[in-house]
Amino acid sequence: MVTLTHYIVLSAVLFGLGAIGFAVRRNAIILFMSIELMLNAVNLSLVAFSRYRAELNGQVMVLFIYAVAAAEVAVGLAILISLFRHVREVDVTRFNILKW
Amino acid sequence: MDLYFWIFAVMAVAAGLFTISSREPLSSGLGLLTVFIALSALYLHLHAPLVAIFQVTIYAGAILVLIVFVLMLLVSPGERMRDIQENASYRVMGGILGLTMLGLLAAGAKGVSDLICARSLPEGFGHPSGFGDLMFREYLLHFEVVSVLLLVALIGAIYLAKKRI
């Protein structure tokens, strides 16, 4: 029997994977993918809670998260392209252009 | 229906691990695509067909295409297409992805249901009409704010990508 707990644990595992990826990887695009992984984990828990409580509000929240994620990815990748033009690198440890 | 959950849960976790551990960014993207598809299958299980469709179109469609496009722009000279095609991990990932899509199609054809839980569902739960009703009654202001946010992000992204920093 699949219960709410299963979904919450799965969501936590995915969020943890995203957080680990964000902490250990250095490629900026993979960092973006890790953020997407974390957002997806949150979406899964929202939909699971929505199903558990039998209310649609959680699913509407997921739609808003989609919009915010799309905006974030568009701006983030634009910043990345801009940075790449400047330093020819996507390794985040090499970005120090905000340093005095 | 337990097997359905476990298959896609294991698939999502495995693909997530592959995403954060893969050496090449492009195979990471493939792993991320698999996570998106597996989660969309789980949304079907949770009686959220509309969210599952949004997941496939917005995430697996729009956002991942954007990521892969930027990846192609920024790919380093060492990583040519031939090297990618000769890499065995792509075939494995492609196989897993194909199986996921097949499972999703099968589930869609058969119809999935029944997460055992506290409350029984109202009629038409998760269908577009109730969804739109809630969104344009309760969350109308949020909806408009999100549209402004998307417009600002669009203009900002064009401005940033054009200008040298």
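For the structure, check the block above.
Residues numbered from 1 in each chain as written. Chains lettered and ligands numbered in written order. Predicted model: local features only at pLDDT ≥ 70, side-chain atom pairs only at ≥ 80, totals over all residues. Heavy atoms only, no water.

A. Molecular detail of unusual backbone geometry. All names here are of chain A. The backbone of A54 shows a phi angle near 60°, a positive value even though the residue is not glycine. By secondary structure assignment, the location of A54 is in the loop between α2 (28-53) and α3 (57-87). A relative accessible area of 15% means that A54 is categorised as buried. (Helix = DSSP H or I, 4+ residues; strand = E, 2+ residues; numbered from the N terminus. Buried < 20%, exposed > 50% of the residue type's maximum accessible area, 1.4 Å probe, protein only.)

B. Structural detail: the packing of aromatic side chains. In total, this model carries 7 aromatic pairs over all chains according to the counting rule given. Look at Y7(A) and F5(B): their rings are 4.7 Å apart centre to centre, the planes differ by 65°, and that puts the pair in the edge-to-face class. Separated into two different chains, Y7(A) in helix α1 (residues 4-24) and F5(B) in helix α1 (residues 2-21) make up a pair that spans both. Residue classification places Y7(A) among the buried residues on the basis of a relative accessible area of 0%. (Phe/Tyr/Trp six-rings, centres within 6.5 Å; stacked < 30°, edge-to-face > 60°.)

C. How the structure looks around the interface of chain B and chain A. Residue-level contacts link 66 residues of chain B with 61 residues of chain A. For the pair chain B and chain A, the summed buried surface comes to about 5,900 Å²; carbon and sulfur atoms form 77% of the total. Run the count over chain B and chain A and you get 0 salt bridges. Remark: the boundary between chain B and chain A carries 9 residue pairs in polar contact (both at pLDDT 80 or more). If you list the elements that add at least two residues to the side of chain B that touches chain A, you get α1, α2 (25-45), α3 (49-74), α6 (128-137) and α7 (140-162) of chain B. With 12 residues, the top contributor of residues to the side of chain B that touches chain A is α3(B). (Contact = heavy atoms within 4.5 Å. Buried area = accessible area lost by both parts, 1.4 Å probe. Salt bridge = Lys/Arg side-chain N within 4 Å of Asp/Glu carboxyl O. Polar contact = N/O pair within 3.5 Å; in protein donor to acceptor, adjacent residues only side chain to side chain.)

D. Representation of the nonpolar core in the model. If you look at the biggest cluster of nonpolar residues, it comprises 72 residues, and the most contacted ones within it are Y7(A), I29(A), L44(A), L42(B), Y43(B) and V51(B). In this structure, I29(A) is in contact with L80(A), I67(B), V70(B), L71(B) and L74(B), ignoring residues within four places of it in sequence. (Core = buried A, V, L, I, M, F, W, Y, C linked by side-chain atoms within 4.5 Å.)

E. Summary view of the pattern of salt bridges. Residue and element names in this part refer to chain B. Scanning all chains against the criterion turns up 3 salt bridges over all chains. When the shortest N-O distance is used, the salt bridge between D133 and R137 registers 2.8 Å. Here R137 and D133 lie together in helix α6, a separation of 4 residues that amounts to about one turn. On the basis of relative accessible area, R137 is assigned to the exposed category, the value being 64%.

F. Focus on the side chain of R25(A). Relative to the helices and strands, R25(A) resides in the loop between α1 and α2. A relative accessible area of 17% places R25(A) in the buried class. In terms of polar contacts, R25(A) uses its side chain to reach the backbone carbonyl oxygen of S22(B), at 2.8 Å. With residues up to four places along the chain from it excluded, the contact list for R25(A) reads I30(A), L31(A), T19(B), I20(B), S21(B), S22(B) and R23(B).

G. Seen up close, a nonpolar patch on the surface. Residues L151(B), L154(B), I155(B) and I158(B) make up a contiguous nonpolar surface patch of roughly 400 Å² in combined accessible area. Inspection of the secondary structure assignment puts I158(B) in helix α7. (Patch = residues over 30% accessible without salt bridge, like charges linked within 9 Å, V, L, I, M, F, W, Y side chains within 5 Å. Areas by Shrake-Rupley, 256 points an atom, 1.4 Å probe, with all protein chains shown as cover.)

H. A look at the environment of E55(A). Of note, E55(A) is situated in the loop between α2 and α3. Separated by 49 residues in sequence, E55(A) and H6(A) place their C-alpha atoms 19 Å apart.

I. Focus on the packing of α2(A) against α1(B). Between α2(A) and α1(B), the shortest axis-to-axis distance is 9 Å and the interhelical angle comes to 155°. Taken together, the axes of α2(A) and α1(B) lie roughly antiparallel to each other. Considering the relative orientation of α2(A) and α1(B), their crossing is left-handed. In this structure, α2(A) contributes I30(A), M33(A), S34(A) and L37(A) to the contact, and α1(B) contributes G16(B), T19(B) and I20(B). Taken together, the residues that form the contact of α2(A) with α1(B) break down as 4 nonpolar, 3 polar and no charged. (Axes fitted to C-alpha atoms, helices over the stretch in contact; angles between N-to-C directions. Parallel < 35°, antiparallel > 145°, perpendicular 65-115°, else oblique. Left-handed = near helix turned anticlockwise from the far one by under 90°. Nonpolar A, V, L, I, M, F, W, Y, C, P; charged D, E, K, R; others polar.)

Honestly, it's all geometry; don't read function into it.
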